[in-house]
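The chain contents come next:
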Amino acid sequence: MLDEWSTNILHHDPMKLYRAKRDASHRSVTSKYNILGFISSGTYGRVYKAQSYGEEGTIHAIKKFKPDKEGDVVAYTGISQSAVREIALNREINHENIVALKEVILEDKSIYMVFEYAEHDFLQVIHHHSQTLRAPISHAVLKSLVYQLINGLLYLHSCHILHRDLKPANILITSKGVIKIGDLGLARLVYEPLQPLFAGDKVVVTIWYRAPELLMGAKHYTKAIDCWAVGCVMAELASLRPIFKGEEAKLDSKKNVPFQRDQLLKIFEVLGTPDEKDWPGVVDMPEYQSMKRLDHFANRLSDWCHSRIRATQGYDLLRQLFIYDPERRLTAKDALQHKWFQEEPKPTWNAFQSVPQHQIPPHRRITQDEAPSMMPAPQNTSHQGHGHIAGGVPFGQSHSKPGSSNSFASQSGGAAYASGGAPPSRKKARLG
Amino acid sequence: MATDFWESSHYKRWIVDRATLAQARYDDLQYVDDPEYLDFLAIYFANLITKLGKKLQFRQRVIATATVFFRRFYLKNSYCETDPFTVIAACCYLAAKAEESPIHIKVIVAESRAMFSQENYNVKNFSSDNGKIAEMEFYLVDDLEGDLIVFHPYRTLLSLCRKESSTSSSNSEEGEADEGPGVGIEDGPRYWGTGEGQLELPSAALQTAWSIINDTYRSQLCLLHPPHLIAIASIYLTFILHPPARPDAAHTSDHDHANEPSPEHPTPARQPRRSSRQANQAPSHATSPKKPQDPIAFLADLNVSLPLVASIAQEIISLYTLWDQYKEDVSSEASKLARELTNSPMSSGASPLKRAGSRSESALTSVGGGGTPGAESRDDTVDPEGNYITPAFLSSVLQRMREAKLMDMAPRPVAVNKRLERTLAAG
């Protein structure tokens, strides 16, 4: 006969033996890594800088997904779609220009993803040049950054992965000047999807980097949306400010996706209003009628580039990345072959190769964690408080700027590790 | 990665050998009365995943992914130390997300509970607590080492086989070839072999191959072999049922098969009989003068090991033989395929003729056992009590294993002795 102990397990906690075994063999995050400090936080969690106790003390960035709480009690509520994507995709890919996942640790109802560490990111470089140096990014650096970005994107696209949230904050740079695309939290496989892309996520890509077909309400989209975002990032690197800095219209109470009037106007002001000749498919777009009611603009990208990207070929690359028709827009593969990259100065694998040491952006600042779930007791040395984060270093801002629309939240949501990739109005795909 | 199997986690970390498989069942073997029950449990659990998946309106690929997750989990764990029903629910929950077709955890828990508590499964204490499944999902991801992208034979089948008549049944007969808008099966090259050419397969044959692939998940094949080889073995077996060189034979034997309530098509929109007839007739009546393709030669020309394909085919047949002793419902597709495959010499094209006109399980029984239709004449394929292996029986087998394991684990000194005795008795 079964004793009470066994009966109890069978009837009330059938996984008890398994759990006990697993927990006994578990090696905790803090037993493997020394948490050095807090880097940033975002929609889905918090990012820490950590040093491995093994392997010669390599530095890592550990992204801790927010545990879900029911009241004050942390409970298992199911892994978010975003975390599943990020884990699944990262386990398959391996490329010099993509942030490498070292391991995933599941512990105390939280998920920790251990990534290779990168000292800088595009947003930080832009701020460094606009705030500190007050000078544009040099042509050689600009070209190297864009080249490596496209190289990483080409890899993702050849794996049939859409990134769907490319923006300066998500593109990292190591201390050796190597570009690492980060944050695959919104990325997904488009190879033989079981569901149309639109069915999963109603809104993708942070508004300023969102391609016109998405703004026009397209139900289906392609790799071309990432190429548009690359154009936006390249323009931002060249001018040190977002090229299409529109205000996002929010979802209404019924979660309908609104017409993004302001963002489209910002695009049209530079690229002109698209017509059927530029983009035959535009007339079939759900928002075509709304678009027709907007003021009409002529293309002045050439003027825009004149003072910002002086090279003719640089202008040509940007022009082709900003082609309205997604089918004719430059692909990552063709972009990498563009003449601009073949003329001097050639792109370099250390993007900072030509930069004097004192002009290289400062190291990522780390702080004490204000929500000290990971951090040991405060260390008296590196006390910086949390008011100091903003400065010239754009990390750790987890709140919208006053008066801004929601879209700013993800823009300022910090580094690629932590932003969670979610455009703010995206209805969370999490189920559970 | 999505196209390159050789670079995938699936190939690098999750194709194992038989020794590893045996090692994984070592602990279970200490507690099970008959080692063969473990193979039946493998069928039973896969059937449960399929049933639950259909209840949740999963596409076949989601069901297959959930099953692979389940198999991989039990490479590292024992049935007797876990609750497979909890694991099944968590596998379905996670697979839905991994395949970008998420469903709410509440729905999984409710449907699992409703299904497992049915009389024929007899699992009374499945928790209604969402947290239990969410916790299991957590451990599951850990045991799966985060490798959540799985390759399946379906892709090979669809990319390898071009239907002879693609206009007559664009969305009913080809499984799930009709994917999301604008993203076609042609998007990317085949990841193995020469990547050249396509096989011309009648719709009904394609459907049979698809069904055989579904059935392979009842075994451990998905852990042992790359998916494209399983697909080719399934096509190979399909040729036994649909002899390619004899359009007349294929024609007469096709219709009852196409009439099956197909596992792949939960949607009622399908009109199998009509479309499959059209599809089948089209080639035989309207074939162009060009020389018909020799499918066997086509398979032979693929850049794969044919002996290996043949041995996989043999393993599939063994699965059917085993499965034939297992009885879940009155009608079973597997049972039919089992009849046909186990009764036909591998080289013979004659067996489909045997079933011409047969339309039901009972008729097939007569083909297999030679008895009268409807009679339970397969008395050589029964469990010790003289019955088929049933889900309820397997639930009780599992229950006994779990109890025995717990007795050993219970915090009592006598338990240690018991385990020792058992081990000694086992030799």
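Residues numbered from 1 in each chain as written. Chains lettered and ligands numbered in written order. Predicted model: local features only at pLDDT ≥ 70, side-chain atom pairs only at ≥ 80, totals over all residues. Heavy atoms only, no water.

As named in an unreviewed UniProt entry, chain B is Cyclin-like domain-containing protein, taken from Cyclocybe aegerita. Regarding chain B, the relevant UniProt record gives this comment under Sequence similarities (unreviewed entry): "Belongs to the cyclin family. Cyclin C subfamily." Annotation of chain B in UniProt includes, under Subcellular location (unreviewed entry), the sentence "Nucleus". (UniProt positions renumbered as here; feature names shortened; annotations may be inferred.)

As annotated in an unreviewed UniProt entry, chain A carries the name Cyclin-dependent kinase 8 and is attributed to Cyclocybe aegerita. Looking at chain A in UniProt, the text filed under Sequence similarities (unreviewed entry) is "Belongs to the protein kinase superfamily. CMGC Ser/Thr protein kinase family. CDC2/CDKX subfamily." Listed under Subcellular location (unreviewed entry) in UniProt, the entry text for chain A is "Nucleus".

Participant: Looking at this structure, I do not really get the sheet that holds strand E10 (residues 171–173) of chain A. What am I missing?
Facilitator: Residue and element names in this part refer to chain A. Read from one edge to the other, the open sheet built from three strands follows the order E8-E10-E11, with strand pairing classed as antiparallel. One side of each edge strand has no neighbouring strand; the edge strands of this open sheet are strand E8 (120–121) and strand E11 (179–181). Here E8 pairs with E10 via two bridges, running antiparallel. Paired with Asp 121 across the bridge in E10 is Leu 172. Helix H6 (residues 139–158) rests against E10 and E11 of the sheet, and its axis sits at about 40° to E11. (Pairing = 2+ DSSP bridges. Helix = DSSP H or I, 4+ residues; strand = E, 2+ residues; numbered from the N terminus. Contact = heavy atoms within 4.5 Å. Axes fitted to C-alpha atoms, helices over the stretch in contact; angles between N-to-C directions.)

Participant: Is there a simple way to explain the interface of chain A and chain B in this structure?
Facilitator: Frequently, the measure chosen for interface size is the accessible area that the parts lose on association. Counting from both sides, the interface comprises 53 residues of chain A and, opposite them, 65 residues of chain B. Here chain A and chain B share an interface that buries about 5,500 Å² over both sides, 60% of which is from carbon and sulfur atoms. Summed over the shared surface of chain A and chain B, the number is seven salt bridges. Measuring nitrogen to oxygen at the nearest pair gives 3.8 Å for the salt bridge that ties B:Glu100 to A:Arg188. Scanning the region where chain A abuts chain B turns up 15 residue pairs in polar contact (both at pLDDT 80 or more). Among the secondary structure elements, those contributing two or more residues to the side of chain A that touches chain B are helix H1 (4–12), helix H2 (16–25), helix H4 (81–92), strand E6 (101–107), strand E7 (110–116) and strand E12 (188–189) of chain A. (Buried area = accessible area lost by both parts, 1.4 Å probe. Salt bridge = Lys/Arg side-chain N within 4 Å of Asp/Glu carboxyl O. Polar contact = N/O pair within 3.5 Å; in protein donor to acceptor, adjacent residues only side chain to side chain.)

Participant: What exactly am I supposed to notice about the environment of B:Asp34 here?
Facilitator: Residue and element names in this part refer to chain B. Mapped onto the elements, Asp 34 comes out in the loop between helix H3 (26–31) and helix H4 (36–55). We classify Asp 34 as partly exposed; its relative accessible area is 28%. Side-chain polar atoms of Asp 34 contact the backbone nitrogen of Glu 36, separated by 2.9 Å. (Buried < 20%, exposed > 50% of the residue type's maximum accessible area, 1.4 Å probe, protein only.)

Participant: Quick question: what am I supposed to make of the pairing of E7(A) here?
Facilitator: Regular strands place side chains that alternate from one sheet face to the opposite one. Residues and elements named next belong to chain A. Of all seven residues making up E7, six are buried, and the element is well covered by its neighbours. Both strand E3 (residues 59–65) and E7 contribute to a ladder of five bridges, which runs antiparallel. Paired with Ala 61 across the strands is Phe 115, a residue of E7. Bridge count between E6 and E7: six bridges; the pairing is antiparallel. Each residue of the ladder has a partner; that of Ile 105, found in E7, is Tyr 112. As consecutive antiparallel partners, E6 and E7 are separated by two residues, and within that stretch Asp 108 has a phi angle of approximately 50°, a positive value.

Participant: So what exactly am I meant to see when it comes to the side chain of A:Asp316 here?
Facilitator: Residues and elements named next belong to chain A. One can find Asp 316 in helix H13 (residues 312–321). For Asp 316, a relative accessible area of 19% corresponds to the buried category. Polar contacts involving the side chain of Asp 316 include one to the side chain of His 338, which spans 2.8 Å.

Participant: Which parts of the structure should I look at to understand the packing of helix H10 (residues 203–216) of chain B against helix H12 (residues 227–241) of chain B?
Facilitator: Helix-helix packing: each pair is described by the crossing angle between the helix axes and the interaxial distance. Residues and elements named next belong to chain B. Between H10 and H12, whose axes approach to 8 Å, the crossing angle comes to 130°. When the axis of H10 is compared with that of H12, the two are oblique. H10 and H12 meet at a crossing whose hand is right-handed. Each of Ala 205, Thr 208, Ala 209, Ile 212, Ile 213 and Thr 216 in H10 lies in contact with H12, whose residues at this interface are Ile 230, Ala 231, Ser 234, Leu 237, Thr 238 and Leu 241. Classifying every residue of the contact of H10 with H12 gives eight nonpolar, four polar and no charged. (Parallel < 35°, antiparallel > 145°, perpendicular 65-115°, else oblique. Left-handed = near helix turned anticlockwise from the far one by under 90°. Nonpolar A, V, L, I, M, F, W, Y, C, P; charged D, E, K, R; others polar.)

Participant: Honestly, the pattern of salt bridges in this entry has me stumped. Any pointers?
Facilitator: Any two side chains of opposite charge can pair if their charged atoms end up close together. This model, assessed by the stated rule, comprises 29 salt bridges over all chains. Here A:Arg210 makes a salt bridge to A:Glu248, at a shortest N to O gap of 3.0 Å. Taken together, the residues A:Arg210 in the loop between helix H7 (197–200) and helix H8 (212–215) and A:Glu248 in the loop between helix H9 (224–239) and helix H10 (261–271) connect sequence positions 38 residues apart. Residue A:Glu248 is classed as buried on the basis of its relative accessible area, which comes to 8%. Here the residues in one salt-bridge network are A:Lys21, B:Asp27, B:Glu81 and B:Lys405, joined through shared partners.

Participant: Which parts of the structure should I look at to understand the environment of A:Gly152?
Facilitator: Residue and element names in this part refer to chain A. On the secondary structure map, Gly 152 appears in helix H6. By relative accessible area, Gly 152 is classed as buried at 0%. With residues near it in sequence (within four places) discarded, Gly 152 still touches His 95, Asn 97, Ile 98 and Ile 181.

Participant: What should I look at first to understand the sheet that holds E6(A) in this one?
Facilitator: Pairing between the strands of a sheet is mediated by backbone hydrogen bonds and can be parallel or antiparallel. Overall, antiparallel pairing links the five strands, which are arranged E1-E2-E3-E7-E6 (chain A) in an open sheet. Edge positions in the open sheet fall to strand E1 (33–41) and E6 of chain A, since each of these has one partner strand only. The sheet shows a mean angle of 25° between the axes of neighbouring strands, taken without regard to direction. Alignment of E1(A) against strand E2 (residues 45–52) of chain A, held across seven bridges, turns out to be antiparallel. Pairing of A:Phe38 across the sheet is with A:Tyr48, part of E2(A). Relative to the sheet, H4(A) contacts E3, E6 and E7 of chain A, its axis offset from that of E7(A) by approximately 35°. In this fold helix H8 (residues 130–143) of chain B packs onto E6 and E7 of chain A, with an angle of close to 150° to the strand it touches most, E6(A).

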